[in-house]
Structure formats: structure tokens, C-alpha cells
Amino acid sequence: MDLNLAGKVALVIASSQGLGKAVAAQLVEEGAHVMITSRDEVKLQAVQEELEQIGKGKVAYYRADITNVDDVKALVKQTNELFGKIDILINNAGGPPGGGFEKFADEDWQKAFELNLLSYVRVIREVLPDLKKEGGRIINIASSSIKTPIPDLILSNTFRTGIVGLSKSLAEELAPYNILVNIVAPGRIATDRVAFLDQLKADKLNLSKEEVVEQSKTTIPLGRYGQPEEFAKVVVFLASDANSYVTGSSILVDGGMVKAI
Ligand SMILES: NC(=O)c1ccc[n+]([C@@H]2O[C@H](COP(=O)([O-])OP(=O)(O)OC[C@H]3O[C@@H](n4cnc5c(N)ncnc54)[C@H](OP(=O)(O)O)[C@@H]3O)[C@@H](O)[C@H]2O)c1
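Quick look at the structure, then. Here the residue index of a chain counts from 1 through its sequence in written order. Residue-level local features of this predicted model are given only where pLDDT is at least 70; pairs of side-chain atoms are given and counted only at 80 or more, and the full residue set underlies all totals for whole chains, interfaces and linings. Each side-chain value is worked out from all heavy atoms of the structure, with water and hydrogens disregarded.

### Notes on the overall build of the protein chain
- Segments assigned H or I by DSSP are reported as helices when at least four residues long, segments assigned E as strands when at least two residues long, and all are numbered from the N terminus. Within the protein chain one finds eight helices and seven strands.
- For the protein chain, the spread of C-alpha atoms along the three principal axes comes to 55 × 40 × 40 Å.
- Relative accessible area decides the class of each residue, using a 1.4 Å probe on protein chains only: under 20% of the type maximum gives buried, over 50% gives exposed, and in between gives partly exposed. Of all 261 residues assigned to the protein chain, the portion counted as buried reaches 49%.
- In the protein chain, the share of contacts with a sequence separation of at least 24, taken over all contacts with a separation of at least 6, comes to 74%.
- Only carbon and sulfur atoms are counted for the fraction: they give 52% of the accessible area of the protein chain, which is about 12,500 Å².
- A residue counts as positive if it is Lys or Arg and as negative if it is Asp or Glu; His and the chain ends are not included. Charge coordinates come from a single atom per side chain, which is NZ of Lys, CZ of Arg, CG of Asp or CD of Glu. The positive charge centre, built from 29 side chains, and the negative charge centre, built from 34, are 3 Å apart in the protein chain. Contacts are assigned to residue pairs that have any heavy atoms within 4.5 Å of one another. Per-residue and other accessible areas were derived by the Shrake-Rupley procedure at a 1.4 Å probe size, with only the shown protein chains allowed to occlude residues.

Here it is in C-alpha cells:
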């Protein structure tokens, strides 16, 4: 199977660590040129150096807070100036705080909306003129909460489902331009975010983090957490020319965890 990613340009949002970084690495591995971005210049520089060692696609970084519209505009402009085009957008963001309904005031809801839904809209808006030229791929990273709510993560449960409505609508609107729009939804992929949430749960239940992890694994038919690279491979397929007919789909990468049909 030819992914035909060599020489393609990908903008990977929220890529200083975790899932975004893993996706960026797999794209570089396939010869794509990648712009990585997050709020932390020091981390970005280290990731750029690491990914450049792969020795295939070029890697650039630009510091941006994706909740800031001016940062988003500058990021896309910089990507264009450096690479001349954008073929692939991977939308991603940090997770919202954990908690149930009564924990959060309007300002928490507003912040989560801006981080986990509005940022996706804004980045797509800026990148669209590029993608419309020759077609392209948009992958929106969401969560298994698009299929079944996760206890104590009401902000995620609410705004990730918004990504589904957005993506399904865009899959139809952008199909005439050969822009394919899909969602990849992680279950429990071993990143800092998941370790942090496991620790929170452990503290709440008065258990050790290891006990929480063991309990959590029993809910996953494959019996383990996923690795970021396993998640990234699915994203990279959807972002490639090998995917020519999947659009408007939500793909779970969860080891079978979600039981919804
Ligand atoms: N891992 C999983 O199994 C899993 C499951 C369900 C959902 N998810 C969701 O998938 C997303 C990625 O997960 P992850 O595990 O890779 O999370 P992570 O390890 O916490 O990484 C989050 C990334 O987002 C960046 N970021 C956060 N706020 C930002 C902002 N305002 N502007 C720009 N960049 C920002 C962080 O970079 P800086 O701190 O350097 O800015 C970091 O690179 C999260 O939304 C998470 O909730 C993950």
C-alpha cells in the first residue's frame, strides 16, 4: 500500500507530547514535512530535534496557544511561509479538567469550549484555503467519549460530541474539494494525560495508581493500554492518499473498550 505522504505538508496541533507528537513522528517517518506546535517553545525545540533524527521529512515548530485566534492565524501563515502549502491538518488539543456537572461554572464551560471545540473550528477555517487548492485531509482527534460518556469528565463528554457534528457536516460540505474529514477517538492510550487522570481517580477512590490501571485494563478486551504509535498509525492512514473513500467517519482506537454498537 502506497501512502504517498513523501513531500506532503502536515500541520499537527498540540504536538509537543503524547498523541500529537506520536502522529507527527509517524508522518515524518513516511516522508511528510511537519509543523509541530504547542504553547511551550522549549518542549517543541526538543521534539523537533528528536523528529529530525528520523531523517525523512522536514520538521519545523511554532509556538501557539490554540485558544488565541491571532496565534492560530500566525501559525498557519508561518507553516505556509516555510513549506509553501498545507495538505493535511491534524486537529488536537489538551484535555479539559476532570469533574462532574456541579464542579464547573460558566467560565470553565467557556474555557473548555474554546480549547476543545472552537480551536478546531478556527484552525480549520485558516487552513481551508490551502486544502481547497488540491484537496486534503482533516483528522480531528476526539475521545471515546463521543460514543459513551466517561464518568467525571463532563466537559470532555460535552464538547467532543460537538467535534462529531462538525466533522460530519464538513465531510459533506468539503467533499466537492476532495477534502476528507474524519475523527479518530482514543480509548486509553498511555500518555501523560491518561497517567494524570488515573492518578486523579486513584486519589478520589483512595487506591494506588497501579490498582486503578489494573481495574481499567479489565474493561479493555485487548487487556492493555494502547501505545501512542498504535494510535498514530490509524491517523496516518486516514491522512494519506491510501485513504480515498473514508470520510465523515469516527474511528475508535480503544482495544475494544467501547461496547456501543
Ligand atoms: N491519551 C488518551 O488515551 C486519550 C483518551 C481520550 C481523549 N484524549 C484526548 O486527546 C488529546 C491528546 O491527548 P494526549 O494524551 O496526547 O494529551 P497530553 O499528553 O496532555 O498532550 C496534550 C497536548 O496539548 C498541548 N496543548 C494543551 N493546551 C494547548 C493550547 N491551549 N494550545 C496549544 N497546545 C496545547 C500540550 O502542549 P503544551 O503543554 O506544550 O502547550 C500537549 O502537547 C487530549 O485532548 C486528550 O484529552 C486522549
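### A word on the site of the ligand
- Near the ligand, the surroundings consist of 28 residues, among which Ser38, Ala93, Arg160, Ile189 and Thr191 are the closest.
- Throughout this description, a polar contact denotes any pair of N or O atoms lying within 3.5 Å of each other; where both atoms belong to protein, one of them has to be capable of donating a hydrogen while the other can accept it, and for residues adjacent in sequence the pair is counted only when both atoms sit in side chains. Here an oxygen atom of the ligand sits 3.3 Å away from a polar atom, N or O, in the side chain of Lys43.
- Note that an oxygen atom of the ligand is positioned 3.4 Å from one of the backbone N or O atoms of Gly187.
- Protein chains shield 92% of the accessible area of the ligand, which is 880 Å² for the free molecule.
- Where the shell around the ligand is concerned, the elements lending two or more residues are helix H1 (18-29) and helix H6 (192-205).
- Ten residue types, Ala, Val, Leu, Ile, Met, Phe, Trp, Tyr, Cys and Pro, are classed as nonpolar, four, Asp, Glu, Lys and Arg, as charged, and the remainder, Gly among them, as polar. Residues of the shell around the ligand, tallied by class, amount to 10 nonpolar, 11 polar and seven charged. Whether a residue is near a molecule or strand depends on its heavy atoms: it is near if one of them lies within 4 Å of it.

### Regarding the packing of helix H3 (residues 69-83) against helix H4 (residues 106-134)
- Interhelical geometry of H3 versus H4 gives an angle of 30 degrees and a closest axis separation of 9 Å. The angle between H3 and H4 places the two elements in the roughly parallel class. Regarding H3 and H4, the two cross each other, and that crossing is right-handed. Contacts between H3 and H4 involve Val69, Val72, Lys73, Val76 and Asn80 from the first element and Arg122, Val123, Glu126, Val127 and Asp130 from the second.
- Taken together, the residues of the contact of H3 with H4 sort by class into five nonpolar, one polar and four charged. Under this scheme, a helix contributes an axis fitted over its contacting stretch, all axes are lines through C-alpha atoms, and angles between N-to-C directions fall in the 0 to 180 degree range. In these notes the angle categories are as follows: under 35 degrees is roughly parallel, over 145 is roughly antiparallel, 65 to 115 is roughly perpendicular, and the rest is oblique. Left-handed describes a crossing whose near helix is turned anticlockwise from the far helix through less than a right angle; right-handed describes the clockwise counterpart.

### Quick look at the pairing of strand E4 (residues 88-91)
- Going residue by residue along E4, you find Ile88 and Ile90 tucked away on one face and Leu89 and Asn91 tucked away on the opposite face as well.
- By the bridge criterion, three bridges tie strand E1 (residues 9-12) to E4 in an arrangement that is parallel. Each residue of the ladder has a partner; that of Ala10, found in E4, is Ile88.
- In this structure, E4 lies alongside strand E5 (residues 136-141), joined through four bridges in parallel fashion. Residue Ile88 lies in a different strand from E5, and its bridge partner there is Arg137.
- Crossover handedness for the path E4 to H4 to E5: right-handed. Only when DSSP finds a minimum of two bridges between them are two strands counted as paired. By convention a crossover is right-handed if, when the strands point away from the viewer, the path from the first strand over the helix to the second runs clockwise.

### Observations regarding helix H7 (residues 209-217)
- Along H7, the positions that sit buried rather than exposed are Val212, Val213 and Ser216. Around the axis of H7, the buried residues are gathered within 100 degrees of arc, so they sit on the same side.
- Elements that come into contact with the buried residues of H7 comprise H6. Directions are taken from the helix axis to each C-beta atom, and the arc is the one they span.

### What to know about the sheet that holds strand E7 (residues 250-253)
- Across the sheet, which stays open at both edges, the seven strands sit in the order E3-E2-E1-E4-E5-E6-E7 with parallel pairing between neighbours. Single-partner strands in this sheet number two, and they are strand E3 (59-63) and E7. The mean angle between the axes of side-by-side strands here comes to 20 degrees, regardless of whether they run parallel or antiparallel.
- Bridge count for strand E2 (residues 33-38) against E3 is five bridges, and the pairing is parallel. Pairing of Ser38 across the sheet is with Arg63, part of E3.

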